[in-house]
Amino acid sequence: MGGLVTDQLARLCDIAQLDRTDTETYVQVLAASLGPAATRSLALPPPAPTLLSDDHTPVEYSLAFLPGATPALRVLVEPGCESGDLAENGRTGLRAIRAMAERWDFSTAQLDLLEDLFLPDHPAGPFALWCALELRPGGVPGVKVYLNPAANGPDRRAATLREALRRLGHHQAFDALPPADDHPFLALDLGEWAAPRVKVYCTHDRLTAEQAGRYSRLAPAEGRDQAAEFFDAIAGVEEHGSPTRRALTCYSFTDTATGRPSGFTLHMPVRAYVGHDGAARDRTVRMLERYGMDAGALDRALAAVTSRRLADGVGLVAYVALVHQDGRAPRITVYVSAEAYRVQPPRPAAAASPHPLATP
């Protein structure tokens, strides 16, 4: 498995215009983060079930697009994927994060504040800890940790989140969140970020374009209109009228004084709304072109990950997200699956489900 995903990552680094030295560094970091799973034969089943991808590959890629710029590359990995025990999975992930902190000299103080909440001795929920790396020039990535609010039981998700935000100084943040059917993830920025964020994800089982716009709580009306337009474009309003879809929203908090979100992201699981990846690619390209972004880089990225025809499967393009952050131009992030173990077969477009799994 390690050979497959590191080869994919190396080709994606070329698209992100990372030099050879940085590429070699990040390939080594990904292999090390997978631990023993990196040497596991692809003839064997996945090391353990994971919510991170549909086929249980413990790696996912994403590209963040901005107008007139080369897309930034990120990789999401589950360091404890080799362990079938959730508690050991979390401990392995924590060791991996601390090794990164020592290597790149950043603090884990915020994560340490939350360890007992999210990594208890007997955790519940679908995962323990994921690590996302934003692969920057210079060989030092931005590090983000994803944690499971259901670790103390699904009935305690809200209480766990509220306590976590309180410990991090965001006393009013939980009350700024919209109504939600679930809170699947809390994410922390660690290391060098211009404004380190705490991010809370919300699942909405039956979201509309109007709600997507309304839940975008960044003040300018333009942002609300953009979220509604994006929802319709990715959900397939032209094919299905005004659909109701399952989707994720994400709220970023940087200001501890006001409790007001500094960022809003609408995550659309496009793989659930289409019959095959060709349709997912087309919808995504229309939005990239709408915002003046390099749609050709998406085609190069998909070719870097797989040689199969896009019409022969669904799920390679997993999510498409519209990101608004205070003081920045909107960006679009596209999430790409490694498909190490299985390609999900195409399905009739009419069978596309409004209720996909919720992965970021």
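Heads up: these notes are all about the structure in this document. This structure is a prediction, so every number in the text was calculated from the model and none was measured. (Residues numbered from 1 in each chain as written. Predicted model: local features only at pLDDT ≥ 70, side-chain atom pairs only at ≥ 80, totals over all residues. Heavy atoms only, no water.)

**Thoughts on the pattern of salt bridges**
Now for step 1: Counted according to the given criterion, the structure contains 24 salt bridges.
Now for step 2: With a shortest N-O distance of 3.0 Å, Glu115 and Arg98 are connected by a salt bridge. Of the two residues, Glu115 is situated in helix 4 (residues 109-118) and Arg98 in helix 3 (residues 86-104); the sequence distance between them amounts to 17 residues.
Now for step 3: Classification of Glu115 as partly exposed rests on a relative accessible area of 30%.
Now for step 4: What you see here is one network of salt bridges that share partners, running through Asp116, Glu163, Arg166 and Arg167. (Salt bridge = Lys/Arg side-chain N within 4 Å of Asp/Glu carboxyl O. Helix = DSSP H or I, 4+ residues; strand = E, 2+ residues; numbered from the N terminus. Buried < 20%, exposed > 50% of the residue type's maximum accessible area, 1.4 Å probe, protein only.)

**Let's talk about the sheet that holds strand 9 (residues 317-325)**
Now for step 1: One closed barrel holds the ten strands; their spatial order is 1-2-3-4-5-6-7-8-9-10, and the pairing between them is antiparallel. Across the sheet, the mean angle separating the axes of adjacent strands is 20° when strand polarity is ignored.
Now for step 2: By the bridge criterion, six bridges tie strand 1 (residues 59-65) to strand 2 (residues 72-77) in an arrangement that is antiparallel. Bridging from a neighbouring strand, Leu63 pairs with Leu73 of strand 2.
Now for step 3: In this fold helix 3 packs onto strand 3 (129-135), strand 4 (142-147) and strand 5 (186-190), with an angle of close to 30° to the strand it touches most, strand 3. (Pairing = 2+ DSSP bridges. Axes fitted to C-alpha atoms, helices over the stretch in contact; angles between N-to-C directions. Contact = heavy atoms within 4.5 Å.)

**Thoughts on the nonpolar core**
Now for step 1: Grouped together as the largest cluster of nonpolar side chains are 99 residues, with contacts concentrated most on Tyr61, Leu186 and Ile332.
Now for step 2: Ranked by residues supplied to this core, first place goes to helix 10 (residues 295-305) with seven residues.
Now for step 3: Beyond its immediate sequence surroundings of up to four residues, Tyr61 is in contact with Val5, Gln8, Leu9, Leu12, Arg74, Val75, Val305, Val334, Tyr335, Val336 and Ala338.
Now for step 4: Among the nonpolar cores identified, the runner-up in size contains 16 residues, and Phe127, Tyr146, Phe185 and Tyr201 belong to it. (Core = buried A, V, L, I, M, F, W, Y, C linked by side-chain atoms within 4.5 Å.)

**Some remarks on the pairing of strand 5**
Now for step 1: The buried fraction of strand 5 is high, at five of five residues.
Now for step 2: Of the two faces of strand 5, the one holding Leu186, Leu188 and Leu190 and the one holding Ala187 and Asp189 are both buried throughout.
Now for step 3: One ladder, built from five bridges, connects strand 4 with strand 5; its direction is antiparallel. Bridge pairing links Val143 to Leu190 in strand 5.

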